[in-house]
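# What the coordinates show
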Amino acid sequence: MAVPDTAETVRAVIDEIRSAVIADPTVLEEVTAAILARGHVLLEDVPGTGKTLTARSFATALGLEFSRIQFTPDLMPADITGSYIFEEGAEEFHFTPGPVFANVVLADEINRAPPKTQSALLEAMAEGQVTVDGETHALPEPFVVIATQNPVEQEGTFELPEAQRDRFMIKTSLGYPDADGTRELIDRRADRDHPDPTVDRVVDRAAVLDFQEEAGTITVEDPVRDYIADLCRATREDGRVEVGVSPRGVQRLFEAARARAVLDGREFVVPDDVSRIARPVLAHRLVLTPEASVEGVSRRSIVESVLGTVSVPAMDEPAAEQ
């Protein structure tokens, strides 16, 4: 499938999701870009903004298997990965897969589980596999974790460690709907025959894998590669930042920019693709200095500052089309 055709199909997926999820289209594009780039998503929102509906709608529209894990303080790693159970008839142990064995896994309120349980997702997110009792089990492809956390309520929660935050390609927020969106919510609830919005399948698993393969073929010219490197390096040089964007973060920005180009139907990346996706890719990877934290400096404002100071390369048309 040519990139313009892929873009048209992916847009149809987003439009179908919008029929159920009332959210800023930019946020849905960011989640879509992460899926195309084989990345994971962290949704940070207060309860009731549609995070679960969003994850389920993406799985349905893409024709993928969906699983939901409710993170709680007593959740154990085996509750996520699965475990070996003794079968009396066969007199042997057999592996029972946990809920992580799905294409789209919703890790709901991930910060409510202790770090040991949170870390059970690390191998799955990084390598697409889990190891239980010394045996490695491959996860299905595609594999996407959409995790949620509440940024307001902190009692009984455990902050995600930097190593795990770095595993998420995108961190974004659905936010509250605008006036028109709020009214639409009321109108939907008034329809007693269809109180809960649903979506239809638009593509299947094979198509999603093809989209991911295609995103990996998008051309990124040297000036844009330098631009990505300069942006990430600039985060490490900012005086308000203790730990800047990691090498993994550089790679994720590169991959997300290619996926962003696919959404626009282009076979090459332009600097605007990088700048449009940089905020949700880079901000959550920054560790601020204690002084900056006390002063209430936001990570996104630092990314905005970097985008405003790093020179944007000029791209001529012939180079972009090669």
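Check the entry above for the structure.
Conventions adopted
Residues numbered from 1 in each chain as written. Predicted model: local features only at pLDDT ≥ 70, side-chain atom pairs only at ≥ 80, totals over all residues. Heavy atoms only, no water. Helix = DSSP H or I, 4+ residues; strand = E, 2+ residues; numbered from the N terminus. Rg over C-alpha atoms; globule rule 2.2 N^0.38 Å. Buried < 20%, exposed > 50% of the residue type's maximum accessible area, 1.4 Å probe, protein only. Contact = heavy atoms within 4.5 Å. Areas by Shrake-Rupley, 256 points an atom, 1.4 Å probe, with all protein chains shown as cover. Salt bridge = Lys/Arg side-chain N within 4 Å of Asp/Glu carboxyl O. Pairing = 2+ DSSP bridges. Phe/Tyr/Trp six-rings, centres within 6.5 Å; stacked < 30°, edge-to-face > 60°. Lys NZ or Arg CZ within 6 Å of the ring centre and 35° of its normal. Core = buried A, V, L, I, M, F, W, Y, C linked by side-chain atoms within 4.5 Å. Polar contact = N/O pair within 3.5 Å; in protein donor to acceptor, adjacent residues only side chain to side chain. Axes fitted to C-alpha atoms, helices over the stretch in contact; angles between N-to-C directions.

On to the overall build of the chain. Tallying secondary structure elements over the chain gives 15 helices and 11 strands in all. Taking 322 residues into account, the globule formula puts the C-alpha radius of gyration at 20 Å, and the chain, at 20 Å, falls close to it. Taken over the C-alpha atoms alone, the chain extends approximately 70 × 50 × 40 Å along its principal axes. Here the chain holds 322 residues, and 49% of them are scored as buried. Taking the intrachain contacts of the chain between residues at least 6 apart in sequence as the baseline, contacts between residues at least 24 apart amount to 77%. Carbon and sulfur atoms provide 48% of the accessible area of the chain, an area that totals close to 15300 Å².

With that settled, consider the pattern of salt bridges. Enumeration according to the criterion identifies 19 salt bridges in this entry. The shortest N-O distance in the salt bridge between glutamate 304 and arginine 279 comes to 2.5 Å. On the criterion of sequence distance, the pair formed by glutamate 304 in helix H14 (residues 299-309) and arginine 279 in helix H12 (residues 271-282) is long-range, its members being 25 residues apart. You can call glutamate 304 partly exposed: its relative accessible area is 39%. A relative accessible area of 23% means that arginine 279 is categorised as partly exposed. When salt bridges that share partners are traced, they join Arg11, Glu29, Arg260, Asp264, Arg266, Asp272, Asp273 and Arg276 into one network.

Turning our attention to the pairing of strand E2 (residues 66-70). Burial of the side chains of E2 is restricted to one face: Ser67 and Ile69 are buried, whereas none of Phe66, Arg68 and Gln70 on the reverse face is. The pairing of E2 with strand E5 (residues 104-108) spans five bridges and is classified as parallel. Each bridged residue has a counterpart across the sheet, and for glutamine 70 the counterpart in E5 is aspartate 108.

Within the element layout of this structure, aspartate 273 appears in helix H12. Judged by its relative accessible area of 0%, aspartate 273 is buried. Excluding anything up to four places from it in sequence, aspartate 273 contacts Ala257, Arg260, Ala261, Asp264, Arg266 and Phe268.

Summed over the entire model, instances satisfying the criterion amount to three aromatic pairs. Where tyrosine 84 meets phenylalanine 95, the ring centres are 5.4 Å apart and the plane angle is 55 degrees; that geometry is what we call tilted. Of the two residues, tyrosine 84 is situated in strand E3 (residues 82-87) and phenylalanine 95 in strand E4 (residues 92-97); the sequence distance between them amounts to 11 residues. Given a relative accessible area of 24%, tyrosine 84 falls into the partly exposed group. Exposure remark for phenylalanine 95: the relative accessible area of 17% places this residue in the buried category. Through a chain of ring-to-ring contacts, three or more aromatic side chains come together here, namely Tyr84, Phe95 and Phe101. Between the NZ or CZ atom of arginine 266 and the centre of the ring of phenylalanine 268, over which it lies, the distance is 5.8 Å.

By size, the foremost hydrophobic cluster in this structure holds 70 residues, and its most contacted members are Leu62, Ile146, Leu253, Val269, Val274 and Leu282. The residues touching valine 269, leaving out its near neighbours within four places in the chain, are Ile218, Thr219, Val220, Val224, Ala257, Arg258, Ala261, Val274 and Met315. Core analysis: the second largest hydrophobic core is formed by 25 residues, Leu75, Val132, Phe143 and Leu160 among them.

Below, the discussion takes up the environment of phenylalanine 66. Its place among the elements puts phenylalanine 66 in strand E2. For the pair formed by phenylalanine 66 and isoleucine 228, sequence separation is 162 residues and the distance between their alpha carbons is 33 Å. When sequence neighbours within four positions are dropped, the list of residues in contact with phenylalanine 66 reads Ala55, Arg56, Ala59, Ala102, Val104 and Leu106.

To continue, consider the environment of alanine 2. Topologically, alanine 2 is positioned in the segment before helix H1 (3-18). For alanine 2 and aspartate 180, which are 178 residues apart along the polypeptide, the C-alpha to C-alpha distance reads 36 Å.

Bringing the side chain of threonine 235 into the picture now. Among the structural elements, threonine 235 can be located in helix H10 (residues 222-237). On the basis of relative accessible area, threonine 235 is assigned to the buried category, the value being 1%. There is a polar contact of 2.6 Å between the side chain of threonine 235 and the backbone oxygen of cysteine 232. Other than its neighbours up to four places away in sequence, threonine 235 contacts Val241, Gly244, Val245, Leu286 and Val306.

Spatial strand order, E2-E5-E8-E1-E9: five strands in an open sheet with parallel pairing. The open sheet terminates on both sides in strands that have one partner only, identified here as E2 and strand E9 (170-172). Each neighbouring strand pair of the sheet contributes to a mean axis angle of 15 degrees, computed without reference to strand direction. Pairing geometry for strand E1 (residues 41-44) and strand E8 (residues 144-149), over four bridges, is parallel. Directly across from leucine 42, in E8, lies its bridge partner alanine 147. Packing against the sheet, helix H2 (residues 25-36) makes contact with E1, E8 and E9, and its axis sits at approximately 165 degrees to E9.

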